[in-house]
Amino acid sequence: MERIHTKIVKVNENNPEKELIEEGAKLIKDGKLVAFPTETVYGLGANGLDEEAVKKIFIAKNRPQDNPLILHISSVEQIKPLVEEIPKEAKFLMDRFWPGPLTLLFKRSSLVPSIITAGLDTVAIRMPDHPIALELISSSGVPIAAPSANTSGKPSPTSAKHVIEDLYGRIHMVIDGGKTGVGLESTVLDLSCKPPMILRPGGISLEDLKEIIPDVKLDLTILKEDKNLTPKSPGQKYRHYAPIADMFVFVGELEGIVKVIKEKAGELIKEGKTVGIMATEETKNRYEEGVVISVGSRKDMATIGHNLFNTIRLFDEKKVDVILAEGVEAHHIGTAIMNRLKKASGGKIIKV
Ligand code: TXA
Ligand code: MG
């Protein structure tokens, strides 16, 4: 692919400089690619109504064409031309969780280019909770199509540094607004089926959603490893969030996890391998060998979510051959964390 000059601009996340955002918005209107922070992860944005611009996203990221994109909006008004109807449940959810890390599927209108939806009859929409993202969308005056701003298959970027590592020379601008907050992508929710189904767990948990739609369910493919189940969300079928290193995730009772990781690390080190251990604050001092990084405290799962992708990238920087990761309990934000660990390890989850 032809090398593109990537401009990097630092923007104050609490009070975005108008003229810098306008520069990004102008690029979007011109059909160019701009990476920007959201509250979840960095997005790679293009004008969502411009098919040619959206094609560039797939090329820059090396993304399979059958994986649809999310449209990002800055006001509820902006949805109307994009969808056939707004169901009552969607209105309640939007009231409660927008702006925020919840993506809703709607019946698409004919205005939405089919490259966005990968030919599906639904379109995914969300309103991000980040001053830079909101300002960029409103300043460009169009819905912004934005997948996570990483090379396809790599962990999603939670800082501008990650975006630059993956996409420098392939996109026109990176807006650096510091680290993202949630650190995991949005929850993708399908309301068109009964019961409503979470296709990708994320920043808004099943438990949060149950307060508004009590019958909501998790798609069965999210945590279970069953090759016969086809995920409804095309993105869920790919190996994702993956480090270069081989990765194993250990789940069960914590004492057992620590014991098995210590044994496994010892064996691998004897074989001459460099071993990374993804530990937690509670356990990090228990490991005597390997490259030990704590992802956060087990009492503060939000911080583990915030650090997860950065920690996976750190192990690659340290050039470990194998990552042995402690699992967490799969409820609340832990469901999204375990889903990402499952994908990052290619399903290598070991019950101790
Ligand atoms: O937090 C996020 O959602 C971030 C930020 C940038 O907003 N974006 C993001 O986009 O994670 P991406 O493209 O990396 O993931 C979008 C997911 C994919 O798994 C995709 O398959 C699914 O949403 N998706 C999009 N449109 C869909 C549709 N119409 N039906 C089912 N799944 C859909
Ligand atoms: Mg992604």
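Everything below is about the structure printed above this text.
These lines cover the structure that appears in this document, whether it is placed above or below. (Residues numbered from 1 in each chain as written. Chains lettered and ligands numbered in written order. Predicted model: local features only at pLDDT ≥ 70, side-chain atom pairs only at ≥ 80, totals over all residues. Heavy atoms only, no water.)

**A few points about the packing of aromatic side chains**
In this description, a pair of aromatic rings is defined by centroid distance and the angle of the planes.
Link 1 in the chain: As enumerated under the stated definition, the model contains 1 aromatic pair in all.
Link 2 in the chain: Between Lys264 and the ring centre of Phe248, over which it is positioned, the NZ or CZ distance is 5.3 Å.
Link 3 in the chain: Above the face of the Phe248 ring, Lys348 is positioned so that its terminal group lies 5.3 Å from the ring centre. (Phe/Tyr/Trp six-rings, centres within 6.5 Å; stacked < 30°, edge-to-face > 60°. Lys NZ or Arg CZ within 6 Å of the ring centre and 35° of its normal.)

**What about the sheet that holds strand β12 (residues 246-251)?**
Link 1 in the chain: The strand order across the open sheet formed by 5 strands is β14-β13-β15-β12-β16, and the pairing between neighbours is parallel. Two strands close off the open sheet at either side, each with one partner strand: β14 (291-294) and β16 (349-351). The average angle at which neighbouring strand axes cross in this sheet is 20 degrees, direction not considered.
Link 2 in the chain: Alignment of β12 against β16, held across 3 bridges, turns out to be parallel. Bridged to Val249 within β16 is Ile349.
Link 3 in the chain: Strands β12, β13 (275-279), β14 and β15 (322-326) of the sheet are contacted by helix α9 (residues 301-317), whose axis makes an angle of about 165 degrees with β13.
Link 4 in the chain: Of the strands in this sheet, β12, β13, β15 and β16 are in contact with helix α10 (residues 333-344), which crosses β12 at around 140 degrees. (Pairing = 2+ DSSP bridges. Helix = DSSP H or I, 4+ residues; strand = E, 2+ residues; numbered from the N terminus. Axes fitted to C-alpha atoms, helices over the stretch in contact; angles between N-to-C directions. Contact = heavy atoms within 4.5 Å.)

**Quick notes on the nonpolar core**
Link 1 in the chain: One finds Leu104, Phe106, Ile125 and Leu189 to be the most contacted residues of the largest nonpolar core, which totals 47 residues.
Link 2 in the chain: No other element matches helix α2 (residues 51-61), which puts 5 residues into this core.
Link 3 in the chain: With residues up to four places along the chain from it excluded, the contact list for Leu104 reads Ala90, Leu93, Met94, Trp98, Val123, Ala124, Ile125, Leu189 and Leu191.
Link 4 in the chain: Among the nonpolar cores identified, the runner-up in size contains 26 residues, and Met247, Val249, Ile323 and Ile333 belong to it. (Core = buried A, V, L, I, M, F, W, Y, C linked by side-chain atoms within 4.5 Å. Buried < 20%, exposed > 50% of the residue type's maximum accessible area, 1.4 Å probe, protein only.)

**Side note on the site of ligand 1**
Link 1 in the chain: Taken together, 26 residues are adjacent to ligand 1, and Thr40, Asn67, His72, Ser186 and Gly235 come closest.
Link 2 in the chain: Side-chain polar atom of Thr122 to a nitrogen atom of ligand 1: 3.0 Å apart, as the coordinates give it.
Link 3 in the chain: Interatomic distance of 2.9 Å between a side-chain N/O atom of Arg200 and an oxygen atom of ligand 1.
Link 4 in the chain: Protein coverage of the free-state accessible area of ligand 1, which is 680 Å², stands at 97%.
Link 5 in the chain: For the shell around ligand 1, the elements supplying multiple residues, two or more each, are β4 (70-72), β6 (122-126) and β10 (197-200).
Link 6 in the chain: For the shell around ligand 1, the leading source of residues is β6, giving 3 residues.
Link 7 in the chain: For the shell around ligand 1, the residue count by class is 13 nonpolar, 9 polar and 4 charged. (Near = heavy atom within 4 Å. Polar contact = N/O pair within 3.5 Å; in protein donor to acceptor, adjacent residues only side chain to side chain. Areas by Shrake-Rupley, 256 points an atom, 1.4 Å probe, with all protein chains shown as cover. Nonpolar A, V, L, I, M, F, W, Y, C, P; charged D, E, K, R; others polar.)

**Details of the pairing of β6**
Link 1 in the chain: Across the 5 residues that make up β6, a large majority, 5, are buried.
Link 2 in the chain: Residues Thr122, Ala124 and Arg126 line one face of β6 and the alternating positions Val123 and Ile125 line the opposite face, and both faces are buried.
Link 3 in the chain: Bridging between β4 and β6 involves 3 bridges; their strand directions are parallel. Opposite His72, over in β6, you have Arg126 as the bridge partner.
Link 4 in the chain: As judged from the 4 bridges shared by strand β5 (residues 102-107) and β6, these two strands associate in the antiparallel manner.

**Observations concerning the packing of helix α1 (residues 18-29) against helix α5 (residues 131-140)**
Link 1 in the chain: For the pair α1 and α5, interaxial distance at closest approach is 8 Å and the crossing angle is 55 degrees. Compared by their axis directions, α1 and α5 come out oblique. Helix-helix and strand crossings are classified by hand; for α1 and α5 the assignment is right-handed. Between α1, through Lys18, Ile21, Glu22, Gly24, Ala25, Ile28 and Lys29, and α5, the contact on the second element is made entirely by Ile132, Glu135, Leu136, Ser139 and Ser140. (Parallel < 35°, antiparallel > 145°, perpendicular 65-115°, else oblique. Left-handed = near helix turned anticlockwise from the far one by under 90°.)

**Description of the environment of Leu71**
Link 1 in the chain: Here Leu71 is to be found in strand β4.
Link 2 in the chain: With near-sequence residues (within four places) excluded, Leu71 lies in contact with Gly48, Leu82, Val112, Ile116, Val123, Ala124, Ile125, Arg126, Pro143, Ile144 and Ala145.

**A few points about α2**
Link 1 in the chain: For α2, the complete set of buried residues consists of Ala53, Val54, Ile57, Phe58, Ala60 and Lys61.
Link 2 in the chain: Measuring from the backbone nitrogen of Glu52 back to the side-chain oxygen at the start of α2 gives 3.1 Å, which picks out Asp50 as the cap.
Link 3 in the chain: In the stretch just after α2, Asn62 is the one whose phi turns positive, near 65 degrees.

**Brief notes about the pairing of strand β9 (residues 187-190)**
Link 1 in the chain: With burial as the criterion, each face of β9 is covered, one bearing Thr187 and Leu189 and the other bearing Val188 and Asp190.
Link 2 in the chain: Of the strand pairs in this sheet, β9 and β10 are connected by 3 bridges, and their pairing is antiparallel. Directly across from Asp190, in β10, lies its bridge partner Met197.
Link 3 in the chain: If you look at the hairpin formed by β9 and β10, you'll find 6 residues sitting between the two strands.

Fair warning: the whole summary comes from geometry, so function is off the table for now.
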